[in-house]
Amino acid sequence: MSISEPRTGLFIAFEGGDGAGKSTQAALLTQSLQDAGRTVVRTREPGGTPVGEKLRSLVLDHGHGQIDARTEALIFAASRAAHVEQVIQPALGRGDVVVCDRYIDSSVAYQGAGRNLGTDEVRSINEWATGGLAPDLTVLLDVDPEAGRSRRTAADTAEDRLESEPDSFHGSIRSAFLALAEDSPGRYLVLDAAAPVPELAQKILARVQDLLA
């Protein structure tokens, strides 16, 4: 299905720095919508397809040798192209709600700003890879880099390649996310990730219900 064909579903992306709680809120939103009788496809990036999961391992796991910034950006874009073609577009065509943990904005922030490749350049590559498909709503969970690292280390799991970058890197990413939201306020719901989990979930669900109505 091309981007010009009718879309009857709803596409929601969760964005934010590592440790912001995106996966938690995506799971809570998915459950609430399913309880209300909606068909929900919950997915993630990089990943979401067999080839995407292989690319996820390649770009995030340690032990694959040096991955330069441009290669990293192109791997993410390739994974996203398959994800949109094989998962997201078909779901939207069926009228499903798609809840995605990360999307194009992550590449713009991490590779465009964090890796200094240029936000416009990275956005252009990804818009081509996705046929211009944009979320109906992007939920940005804004987290301080130090707080995000504290959350990640408290989980007692090893940090991946990007998570293990210094706080200055994550600070650049935070600034890039906030700039993106400022440029397109109608498409974003910006929330303080430090707020209580139930409070965040309630605000997110209310915004999504408005869109569904």
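A brief look at the structure comes next. No experiment lies behind these values; they were computed from the predicted model shown.

1. A look at the overall build of the protein chain
And then number 1: Each helix and strand in the protein chain was counted, giving eight helices and five strands.
And then number 2: Along the chain direction, N to C, the helices and strands of the protein chain fall in the order β-α-β-α-α-β-α-α-β-α-α-β-α.
And then number 3: Burial analysis of the protein chain (213 residues in total) assigns 48% to the buried set.
And then number 4: Sequence-distant contacts, at least 24 apart, represent 75% of the contacts inside the protein chain between residues at least 6 apart.

2. Here's the deal with unusual backbone geometry
And then number 1: The omega torsion across Glu45 and Pro46 is -10°, close enough to zero to call that bond cis.
And then number 2: Structurally, Pro46 can be placed in the loop between strand 2 (40-44) and helix 2 (50-60).
And then number 3: In this structure, Arg102 takes a positive phi of about 85° despite not being glycine.
And then number 4: With respect to the helices and strands, the residue Arg102 is situated in the loop between strand 3 (97-101) and helix 4 (104-114).
And then number 5: One non-glycine residue, Asn116, adopts positive backbone phi at about 60°.
And then number 6: Within the element layout of this structure, Asn116 appears in the loop between helix 4 and helix 5 (119-130).

Calculation rules
- Residues numbered from 1 in each chain as written.
- Predicted model: local features only at pLDDT ≥ 70, side-chain atom pairs only at ≥ 80, totals over all residues.
- Heavy atoms only, no water.
- Helix = DSSP H or I, 4+ residues; strand = E, 2+ residues; numbered from the N terminus.
- Buried < 20%, exposed > 50% of the residue type's maximum accessible area, 1.4 Å probe, protein only.
- Contact = heavy atoms within 4.5 Å.

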